[in-house]
Amino acid sequence: MLISIMGVISTASGRRAGKSEHVCRAVPALAVDLERMTALAAFTARSMRTRYPRPFGALIVHSTTGKTLLSALNAVRQECDPSAHAEVRAIRLATRRLKQISLAGYTLYTTCEPCPMCMSAALWAALDRVVYGATIEDANRHCSQIHIPAVEVAARSDMTCAVEGPVLRDECYALFTHPRMTKAFQLWPTRKRG
Ligand SMILES: [Zn+2]
């Protein structure tokens, strides 16, 4: 479906673009990004069969070789940690595995646009790129969000990180509307009320 492979690609590149500038343009998503997002959506969808369905998954891939480093799911409830978002967990697991604090040379894929906390972690980790599926507004139909676009967090930093999305938005948003997920959301303290 053409609409789902096209995305509004927003890029922010810190100093290069100027602190408050970012570029938004409609361009086709890269085939390789679609492939990785499809794999990530499938990985995240497996949680629908568990006791704790979650729509938030993240994947870290080497930007040049394409080799997958690891995937992670949101684990706020499991770890009793409000910062255990999928992206933060993936970054923590990756730096520990690599025994280095920089993830320069790696790309982070996430089923949902990173919140400011996760986008900040991506910047501190020096990731090359962040590619996301559903948007903060999509997620906000189901749970509370902080309404600062990831591209804006990147643009207002001193770091350089391309933020690209939405890519495979429909498939990623389907994780939020899965029957088991909508039931699970009812128990989330951050669920959308009213
Ligand atoms: Zn987050």
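Report on the accompanying structure.

Reading the values: the criteria
- Residues numbered from 1 in each chain as written.
- Predicted model: local features only at pLDDT ≥ 70, side-chain atom pairs only at ≥ 80, totals over all residues.
- Core = buried A, V, L, I, M, F, W, Y, C linked by C-beta atoms within 7 Å.
- Buried ≥ 20, exposed ≤ 12 C-beta atoms within 10 Å, placed from the backbone.
- Contact = placed C-beta atoms within 7 Å.
- Helix = DSSP H or I, 4+ residues; strand = E, 2+ residues; numbered from the N terminus.
- Pairing = 2+ DSSP bridges.

Comments concerning the nonpolar core
Link 1 in the chain: Formed by 47 residues in total, the largest nonpolar core has its most connected members in L108, M119, A122, V130 and A154.
Link 2 in the chain: When residues no more than four places from it in sequence are discounted, the contact partners of V130 are L108, T110, P114, M119, A122, A150, C161 and V163.

Comments concerning the pairing of strand β6 (residues 129-134)
Link 1 in the chain: Most of β6 is tucked away: five of the six residues are buried.
Link 2 in the chain: Pairing of strand β5 (residues 106-112) with β6 involves five bridges; the strand directions are parallel. Each bridged residue has a counterpart across the sheet, and for Y109 the counterpart in β6 is V131.
Link 3 in the chain: By the bridge criterion, three bridges tie β6 to strand β7 (residues 162-164) in an arrangement that is parallel. Within the sheet, the bridge partner assigned to V131 lies in β7 and is E164.

With respect to the pairing of strand β3 (residues 57-62)
On any regular strand, side chains alternate: one points to one face of the sheet, the next to the other face.
Link 1 in the chain: Of all six residues making up β3, five are buried, and the element is well covered by its neighbours.
Link 2 in the chain: In terms of strand pairing, β3 meets strand β4 (residues 68-73) through five bridges, oriented antiparallel. Directly across from I60, in β4, lies its bridge partner L70.
Link 3 in the chain: Linkage of β3 to β4, two consecutive antiparallel strands, is achieved through a turn of five residues, within which G66 is found at a positive phi near 80°.

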